[in-house]
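Inside the fold
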Amino acid sequence: MALNPSVVGTELPTTTITLDRGRLRFFAKAIGETNPVYTDVDAATGAGHPDLPAPPTFLFSIELEAPDPFAYLAALGVDLRFVLHGEQSFVYHEIAYAGDELVAHPRITDVYTKKAGTLQFIVKDTAVIRADATPIADLRSVIVVRNPGGSA
């Protein structure tokens, strides 16, 4: 099924989470981060942070907190069996810390095809802010959908 370009601009449901120290530590260990600033409060405060900072790439996981983080793809008619993670990028504005309440505001910003429609791409941009509206980061994720009906 070809994706309809009219979905560009679609606002997706927001996700709100409060960063928990245990979750930040777990994520740091999962990505192999060995800097104690990400796992030890004394090391973090000793380095000038008010608490444990969110490790690099952690913010990507915020939207995975939704009950069905890929519901938007199903709503677009995408068969999840044909989905690949294509790309992700981050532009950081502020550091997020344990205790921060963060809100992720995702939106579909582009849809395009390649290989004569065999590969379809969905670009989702997400603005992450603190509850007080302080910008934390802008995230971009590109989902690749293999279209078995395409004619490459």
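Residues numbered from 1 in each chain as written. Predicted model: local features only at pLDDT ≥ 70, side-chain atom pairs only at ≥ 80, totals over all residues. Heavy atoms only, no water.

1. Thoughts on the overall build of the chain
Basically, it comes down to this: Each helix is a run of DSSP H or I of at least 4 residues and each strand a run of E of at least 2, with the numbering of both proceeding from the N terminus. For the exposure calls, accessible area comes from a 1.4 Å probe over protein chains only, and a residue counts as buried if that area is under 20% of its type's maximum, exposed if over 50%, partly exposed in between. In what follows, residue pairs with any heavy atoms lying within 4.5 Å of each other are defined as contacts. For every accessible area listed, the method is Shrake-Rupley and the probe measures 1.4 Å; residues are considered covered only by the protein chains on display. Two residue types count as positive, namely Lys and Arg, and two as negative, namely Asp and Glu; His and chain ends fall outside the count. Here the site of a charge means atom NZ of a Lys, CZ of an Arg, CG of an Asp or CD of a Glu.
From N to C terminus, the chain includes three helices and five strands. When the elements of the chain are put in sequence order from the N terminus, they spell out β-α-α-α-β-β-β-β. Oriented by its inertia axes, the alpha-carbon framework of the chain measures out at about 60 × 30 × 25 Å. Residues classed as buried in the chain amount to 39% of the 152 residues present. Sequence separation of 24 or more characterises 69% of the internal contacts of the chain that already satisfy a separation of 6 or more. Carbon and sulfur atoms provide 54% of the accessible area of the chain, an area that totals close to 8,100 Å². In the chain, the 12 positive side-chain charges and the 18 negative ones have mean positions that sit 9 Å from each other.

2. Comments concerning the UniProt feature "domain: FAS1-like dehydratase" (unreviewed entry) in the chain
Condition: UniProt positions are given in the numbering used here, feature names are shortened, and annotations may be inferred rather than shown by experiment.
Feature annotation in UniProt assigns "domain: FAS1-like dehydratase" (unreviewed entry) to the following positions: residues 6-138. As annotated, residues 6-138 has a helix share of 16% and a strand share of 33%, and its two end C-alpha atoms lie 23 Å apart.

3. Quick word on the packing of aromatic side chains
To keep things clear, this is the line we draw: For Phe, Tyr and Trp, where Trp contributes only its six-membered ring, two rings pair if their centres lie within 6.5 Å, and the inter-plane angle classes them as stacked under 30 degrees, edge-to-face over 60, or tilted in between. In this scheme, the term charge over a ring applies when either NZ of a lysine or CZ of an arginine sits within 6 Å of the ring centre and within 35 degrees of the ring normal.
Within this structure, the stated rule accounts for three aromatic pairs. With a centroid separation of 5.7 Å and an interplanar angle of 0 degrees, the aromatic rings of Phe90 and Tyr92 are classed as stacked. Judged by its relative accessible area of 21%, Phe90 is partly exposed. Exposure remark for Tyr92: the relative accessible area of 43% places this residue in the partly exposed category. The residue whose ring lies beneath Lys114 is Phe121, and the NZ or CZ to ring-centre distance is 5.6 Å.

4. A closer look at the pattern of salt bridges
Test applied: By convention in these notes, a salt bridge is any Lys or Arg side-chain nitrogen within 4 Å of a carboxyl oxygen on Asp or Glu.
One pass over the full model with this rule turns up six salt bridges. Between Glu65 and Arg23 there is a salt bridge, and its shortest N-O distance comes to 2.6 Å. With Glu65 in the loop between α2 (41-46) and α3 (71-75) and Arg23 in helix α1 (residues 21-30), this pair connects stretches of sequence that are 42 residues apart. A relative accessible area of 39% means that Glu65 is categorised as partly exposed. Residues Lys124 and Glu63 are paired through a salt bridge, measuring 2.9 Å at the closest nitrogen-oxygen approach.

5. Notes on α1
To be explicit about the condition: Throughout, the arc means the angular range of directions from the helix axis out to the C-beta atoms. By the criterion applied in these results, polar contacts are pairs of N or O atoms within 3.5 Å in which, for protein atoms, one can donate a hydrogen and the other can accept it, and in which residues neighboring in sequence qualify only through two side-chain atoms.
Restricting attention to buried positions, one finds in α1 the residues Leu24, Phe27 and Ala28. Along the long axis of α1, the arc covered by the buried residues comes to 100 degrees, so they all point the same way. Along α1, exposed side chains directed more than 90 degrees from the buried face belong to Phe26, Lys29 and Ala30. The residue sitting at the N-terminus of α1 and contributing the capping side-chain oxygen is Asp20; that oxygen lies 3.0 Å from the backbone nitrogen of Gly22. Following α1 by one or two positions, Gly32 has its phi on the positive side, about 80 degrees.

6. Focus on the pairing of strand β4 (residues 119-130)
Quick note on the threshold: One bridge is not enough; two strands pair if DSSP finds at least two bridges between them.
Here twelve bridges tie strand β3 (residues 101-114) to β4, and the two strands are oriented antiparallel to one another. For Asp110, the partnering residue across the bridge sits in β4 and is Val123. Where β4 lies against strand β5 (residues 135-146), eleven bridges are found, and the strand directions are antiparallel. In the strand pairing of β5, Leu119 is matched with Arg146. The turn joining β4 and β5, which pair antiparallel and follow one another in sequence, is formed by four residues; a positive phi near 80 degrees is taken by Ala133.

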